Amino acid sequence: EDGGENGANNSNRPVILLATSIDSTSMFHDLSPGANNAASNTLTLLLAAQLVGSSVKDDVLDSLYGQIVFGFFQGESYGYIGSRRFLKDVLEGFQCTEGNEGVPSVYKKKDE
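Residues numbered from 1 in each chain as written. Predicted model: local features only at pLDDT ≥ 70, side-chain atom pairs only at ≥ 80, totals over all residues. Heavy atoms only, no water.

Remarks on the overall build of the protein
Phase 1 of the analysis: Of the regular secondary structure elements, the protein holds three helices and two strands.
Phase 2 of the analysis: Its helices and strands taken in sequence order, the protein reads β-α-α-β-α from the N to the C terminus.
Phase 3 of the analysis: In the protein, which comprises 112 residues, the share counted as buried stands at 18%.
Phase 4 of the analysis: Accessible surface computed for the protein: about 8,800 Å², of which carbon and sulfur atoms make up 57%. (Helix = DSSP H or I, 4+ residues; strand = E, 2+ residues; numbered from the N terminus. Buried < 20%, exposed > 50% of the residue type's maximum accessible area, 1.4 Å probe, protein only. Areas by Shrake-Rupley, 256 points an atom, 1.4 Å probe, with all protein chains shown as cover.)

See the structure below:
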């Protein structure tokens, strides 16, 4: 792709990140009193994406200063795990490993 009418490459444009957390904080595994918070965050960002996608033409999006990116992150209540990992992958390059080795997580298998 040429990146729009002006020929600019989309990968060289700045990113406008619209992000939300999709987890809630709970001290107990079976109780999630903040579940409505995660649901409303997710719904709000999904509706924003739908509105942008359905009401803004591609040539207008291509002419914007930056690319719009929607992000949904987990682990934000525990030290911003999701967004920190996203930034690390963006800055250092994504390193895919088999399973979850090398990926910091608050959820570990019993044998880990």
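Things to note about helix α3 (residues 81-92)
Phase 1 of the analysis: With twelve residues, α3 should reach 16 Å at 1.5 Å per residue; the first-to-last C-alpha distance of 16 Å fits that figure.
Phase 2 of the analysis: Among all positions of α3, only Gly-82, Ser-83, Arg-85 and Asp-89 are buried. Projected onto a plane normal to the axis of α3, the buried residues spread over an arc of 160 degrees and lie on a single side. Away from its buried face by more than 90 degrees, α3 exposes Arg-84, Leu-91 and Glu-92.
Phase 3 of the analysis: Against the buried residues of α3 lie β2 (67-73).
Phase 4 of the analysis: Directly after α3, the chain includes Gly-93, whose backbone phi takes a positive value near 90 degrees. (Expected span 1.5 Å × (residues − 1). Arc of directions from axis to C-beta. Contact = heavy atoms within 4.5 Å.)

Considering the packing of aromatic side chains
Any aromatic ring pair is given by two values, namely how distant the centres are and how the planes are angled relative to each other.
Phase 1 of the analysis: Within this structure, the stated rule accounts for one aromatic pair.
Phase 2 of the analysis: Consider the rings of Phe-73 and Phe-86, whose centres lie 5.4 Å apart with planes at 55 degrees: the pair is tilted. Of this pair, Phe-73 sits in strand β2 while Phe-86 sits in helix α3; the two residues are 13 residues apart in sequence, bridging distant segments of the chain.
Phase 3 of the analysis: What makes Phe-73 buried here is its relative accessible area of 10%.
Phase 4 of the analysis: Phe-86 gets classed as partly exposed once you look at its relative accessible area, which sits at 32%. (Phe/Tyr/Trp six-rings, centres within 6.5 Å; stacked < 30°, edge-to-face > 60°.)

As for the pattern of salt bridges
Phase 1 of the analysis: For the structure on display, the rule yields two salt bridges.
Phase 2 of the analysis: Here Asp-89 makes a salt bridge to Arg-85, at a shortest N to O gap of 3.3 Å. Of this pair, Asp-89 and Arg-85 both sit in helix α3, separated by four residues, roughly a single helical turn. Grouping residues by exposure puts Asp-89 and Arg-85 together as buried.
Phase 3 of the analysis: With a closest N to O distance of 3.0 Å, Glu-92 and Lys-88 form a salt bridge. One end of the pair is Glu-92 and the other is Lys-88, both in helix α3 and four residues apart, which spans about a single turn.
Phase 4 of the analysis: Judged by its relative accessible area of 39%, Lys-88 is partly exposed. (Salt bridge = Lys/Arg side-chain N within 4 Å of Asp/Glu carboxyl O.)

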